[in-house]
Amino acid sequence: MKKFCTFFLMAALIITSFAACGDDDDNNTTDTEQLEDLSMNSEWINYATATASELLDDCIQLWAAWNGPEGVPDADLARIGGSSFFSRPGIGADGYAKILKTAGATGNTTFPSQEDAIQTILTDGFANIATEVGAAKIGEPNGFAKDGDTESAVLAVESWYSWNSITDYSDNIISIKNGYCGRIGLIAAAANANSISAFVKTVDASLDEEVNDAINGAYNAIQSMTAPFRNNLTGAKVDAAMDACSDLAEIIEGRLFAAITDAEHDYTEILRVYADEVVVPTYKDLKERAWTLYNAVEALRQDPTSQSKLDAACVAWRAARIPWEQSEAILFGPASEDMLGLDPSMDSWPLSQEDIAGILQDGNLKTVEQFIGAISSEDVRGFHTLELLLFKDGKNRTVRVKN
């Protein structure tokens, strides 16, 4: 099992307190207690730069895997190992989007039929993230809190270092809406004429209205929760959000799935719109924002006493979270552990803060490249490790004037 430092609820606020997880009784200090003492020193910033670099590589891989080799900039290609990247199993010479769009074609073993592709989008995509948001992201911290286990409750709250949790969960629901409506936009944006929504509307207009209402209902219920979520883990608003996510997953896996299964329809254009106008541009936006994030962290490394550089990195982190969370209804294919395993590499939660502290205190790690070599484990890298290094208690960290 992983070892995690613990956190306590003091009065109305959850205050970070590194508990004794180690065995050093002589000086009554531990790796995790020392973590804050190390904050923003040169090793800390090198670790952040290494994490941003590896995250950038993962984001490029994810976009390139769906997009295919055409149009991939040389700078991106160099970071993912060149054109040989596209020979990896499952991606396809022209990218995973081409495999999805040609579902049902002779020789397509990934999606032998168009119905297989649509059902994967609905179940492995939409329903999976709706269930994860309601039952895991919100439900697990809520369950611990109701049982009186405050320490476990706080640790279970994803994105609590930055207090970005409610934004993340809301964007997860937008990821469903974008996929269902065949566009990228705000929750209320109109559906594409060649979307799953538009097709369902021709088959059963009332069902399409109910699905859209269920998506909107889950989004609005999450938005109505009191922020920050880590300080407000129980109550009627939280219960309503969990119920709304459960209702959304139920209608997707039930009536919507049945409507798709029972229909006889040529889904070619629907699959094209989903791949070319939702998935690929979302991942392209993600990798471009990951470049901005990496460059911002690198700028901080070059000028480590600049608070404005640190603030810029924090802004870039929040910006990069948006397309990532709005892609979480697409966690099949290249992102999955069955293929490139990019989801756990990029977004594992919770972290092993004990291991992170140990890496920071490893006197042999002095350069960004050395830190890159030390962060192969999923729970010491990715978005949330960078979040820990950039944020504290919902605020941007403060630079050290002197190291």
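Residues numbered from 1 in each chain as written. Predicted model: local features only at pLDDT ≥ 70, side-chain atom pairs only at ≥ 80, totals over all residues. Heavy atoms only, no water.

Before going further, it helps to examine the nonpolar core. Among the nonpolar cores identified, the biggest contains 126 residues, and Trp66, Ile138, Ile176, Ile222 and Leu248 are the most heavily contacted of them. Ranked by the residues each element gives to this core, the list is headed by helix H2 (residues 42-67), at 15 residues. What isoleucine 222 contacts, discounting residues up to four positions off in sequence, is Val133, Ile138, Ile166, Tyr169, Ser170, Ile173, Ala241 and Cys245. (Core = buried A, V, L, I, M, F, W, Y, C linked by side-chain atoms within 4.5 Å. Buried < 20%, exposed > 50% of the residue type's maximum accessible area, 1.4 Å probe, protein only. Helix = DSSP H or I, 4+ residues; strand = E, 2+ residues; numbered from the N terminus. Contact = heavy atoms within 4.5 Å.)

For the rest of this paragraph, the subject is the environment of threonine 385. Its place among the elements puts threonine 385 in helix H16 (residues 382-390). Among all residues touching threonine 385, those that are not within four sequence positions of it are Tyr47, Thr51, Leu351, Ile356, Asp379 and Val380. In this structure the side chain of threonine 385 is engaged in a polar contact, spanning 3.5 Å, whose partner is the backbone oxygen of valine 380. (Polar contact = N/O pair within 3.5 Å; in protein donor to acceptor, adjacent residues only side chain to side chain.)

Between side chains of opposite charge, a pair can form when the charged atoms approach closely. With the rule as written, the count across this model stands at 25 salt bridges. Here arginine 381 makes a salt bridge to aspartate 58, at a shortest N to O gap of 3.4 Å. Of the two residues, arginine 381 is situated in the loop between helix H15 (368-374) and H16 and aspartate 58 in helix H2; the sequence distance between them amounts to 323 residues. Close ionic contact of glutamate 328 with lysine 137 constitutes a salt bridge, the shortest N to O distance being 3.1 Å. With glutamate 328 in the loop between helix H12 (307-325) and helix H13 (342-347) and lysine 137 in helix H5 (residues 114-146), this residue pair connects regions lying 191 residues apart in the sequence. Residue glutamate 328 is classed as buried on the basis of its relative accessible area, which comes to 2%. Residue class for lysine 137 comes out buried when judged on its relative accessible area of 5%. One salt-bridge network, in which partners are shared between bridges, spans Lys137, Glu158, Asp168, Arg321, Glu325, Glu328 and Asp347. (Salt bridge = Lys/Arg side-chain N within 4 Å of Asp/Glu carboxyl O.)

A few words on the state of the cysteines. Within the structure shown, the criterion is met by zero disulfides. Of all cysteine sulfurs in the structure, the one in cysteine 314 sits closest to cysteine 59, which takes part in no disulfide; the separation is 17 Å. Overall, the relative accessible area of 1% leaves cysteine 314 in the buried class. (Disulfide = S-S within 2.5 Å.)

So, on to the packing of aromatic side chains. As enumerated under the stated definition, the model contains 14 aromatic pairs in all. Relative to phenylalanine 111, the ring of tyrosine 96 lies with its centre 6.1 Å away and its plane at 70 degrees, an arrangement referred to as edge-to-face. In this pair, tyrosine 96 is assigned in helix H4 (residues 96-101) and phenylalanine 111 in the loop between H4 and H5, connecting sequence segments 15 residues apart. Take tyrosine 96: its relative accessible area is 5%, and that puts it in the buried class. Pairing tyrosine 161 with tryptophan 349 gives two aromatic rings, centres 5.6 Å apart and planes at 70 degrees, and the pair type is edge-to-face. Taken as a pair, tyrosine 161 in the loop between helix H6 (150-155) and helix H7 (165-181) and tryptophan 349 in the loop between H13 and helix H14 (353-360) lie far apart in primary sequence, 188 residues in all. Through pairs of rings, three or more aromatic residues link up here, namely Trp66, Tyr96, Phe111, Tyr283 and Phe332. (Phe/Tyr/Trp six-rings, centres within 6.5 Å; stacked < 30°, edge-to-face > 60°.)

Any link to function would need more than the numbers given here.
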